[in-house]
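Fold and geometry: a report
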Amino acid sequence: MNTVLVLNQDYSPLTVCSVQRAFLLMFLKKADLIFGVENRQLRSVSDSFPFPSVIKIKYYISIPYKGVVMSRHNIFKRDGGRCQYCGTSRDLTIDHVIPRSKGGKSTWTNLVTACKTCNSKKSDYALEKVGMKLLKPPVKPSYLTFLKMNTGVYRDEWAPFLNPKRASA
């Protein structure tokens, strides 16, 4: 309960921040409270304030690139820290589904988390040739999906702002 969804002026999600940071933004009149947590208050010596869950920045912040950067860390996050062939969470590395020697590129849809055992078994072959299958196909995560994955927290009051249909409307 210590994270707050931060919305841009147009109600699109920007990031998440701590309750303390959200309170400071509201106190400095840089953000407005959209949703507070029921039955919780932030208290000072002489006053009490709503406990924020969703805030909206007052002035639009332009973000030139709102995609997810492809990195080893982010691929592990996307795959939930599990081998995409056997499901283990030990001795993880990255594997090219279509090997580079066969024309496979380093893209979101061709890289998966794999344990060293499965990576060695697959080696430089196609999945079908070694009788292996992916647990789920690799996809490029959207910014909104990635925001959900990284917060580790999901609240019902965040749903209207993290719904991709609403964000694209």
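Up top you'll find the structure we're talking about.
Below, the structure is looked at part by part. Keep in mind that this is a model prediction, so the values were computed, not measured. Positions within a chain are numbered from 1, following the residues in the order the chain's sequence is written. Only residues with pLDDT of at least 70 are given local features in this predicted model, and only at 80 or more are side-chain atom pairs given and counted; all residues enter the totals for whole chains, interfaces and linings. To obtain the side-chain values, all non-hydrogen atoms of the structure were included, while hydrogens and water were left out.

1. Considerations on the pattern of salt bridges
Threshold: The rule for a salt bridge is simple: a side-chain nitrogen of Lys or Arg has to be within 4 Å of a carboxyl oxygen of Asp or Glu. For helices the rule is a DSSP run of H or I covering at least 4 residues; for strands it is a run of E covering at least 2, with both sets numbered from the N terminus onward. Relative accessibility thresholds used throughout: buried, under 20% of the residue-type maximum; exposed, over 50%; partly exposed, between the two (1.4 Å probe, protein chains only).
Using the criterion set out here, one finds four salt bridges in the structure. Here Lys122 ties to Asp95 by a salt bridge, and the two come within 3.5 Å at their closest N and O atoms. Here the residue Lys122 occupies a position in helix α3 (residues 116-122), and Asp95 occupies one in strand β5 (residues 92-96), the gap between them amounting to 27 residues. By relative accessible area, Lys122 is classed as buried at 0%.

2. Thoughts on the nonpolar core
As a reminder of what qualifies: Nonpolar cores are built from buried Ala, Val, Leu, Ile, Met, Phe, Trp, Tyr and Cys residues. Side-chain atoms within 4.5 Å join them into one set. Should any heavy atoms of two residues lie within 4.5 Å, those residues are considered in contact.
The biggest cluster of nonpolar side chains holds 14 residues, and the ones touching the most others in it are Val4, Val6, Ala31, Ile55 and Ile57. Those elements that provide at least two residues to this core are β1 (3-7), β2 (13-18), α1 (19-27), β3 (31-43) and β4 (48-57). For this core, the element with the most residues is α1, which contributes four residues. Beyond its immediate stretch of four places on either side in the chain, Ile55 contacts Val4, Leu5, Val6, Leu7, Ala22, Leu25, Met26, Ala31, Asp32, Leu33 and Ile34. Judged by nonpolar contacts, the second largest core, of nine residues, contains Val112, Ala114, Cys118 and Leu127.

3. Quick look at the environment of Ser101
For clarity, the threshold we go by: Counted as a polar contact is a pair of N or O atoms within 3.5 Å, where, for protein atoms, one must be capable of donating a hydrogen and the other of accepting one, and residues adjacent in sequence contribute only when both atoms are in side chains.
Within the secondary structure layout, Ser101 lies in the loop between β5 and β6 (111-115). Separated by 23 residues in the primary sequence, Ser101 and Asp124 have C-alpha atoms spaced 7.4 Å apart. Here Asp124 takes part through its side chain, which lies 2.7 Å from a polar atom of the side chain of Ser101.

4. Some details on α1
Basically, it comes down to this: As used here, the arc is the angular range of directions from the helix axis to the C-beta atoms.
Considered for burial, the residues of α1 that qualify are Val19, Ala22, Leu25 and Met26. Down the axis of α1, the buried side of the element spans an arc of 125 degrees, and every buried residue falls inside it. Exposed and facing more than 90 degrees away from the buried side of α1 are Gln20 and Phe27. Where α1 terminates, the next one or two residues include Lys29, which has phi positive at roughly 60 degrees.

5. Focus: the pairing of β1
Selection rule: For two strands to be treated as a pair, DSSP must find no fewer than two bridges joining them.
With five of its five residues buried, β1 lies for the most part within the structure. Burial of the side chains of β1 extends over both faces: Thr3, Leu5 and Leu7 are buried on one face and Val4 and Val6 on the other. With antiparallel pairing between neighbouring strands as the criterion, β1 and β2 make up a hairpin whose turn holds five residues, including Tyr11 at a positive phi of roughly 70 degrees. The pairing of β1 with β4 spans three bridges and is classified as parallel. The residue bridging Leu7 from the neighbouring strand is Lys56, located in β4.

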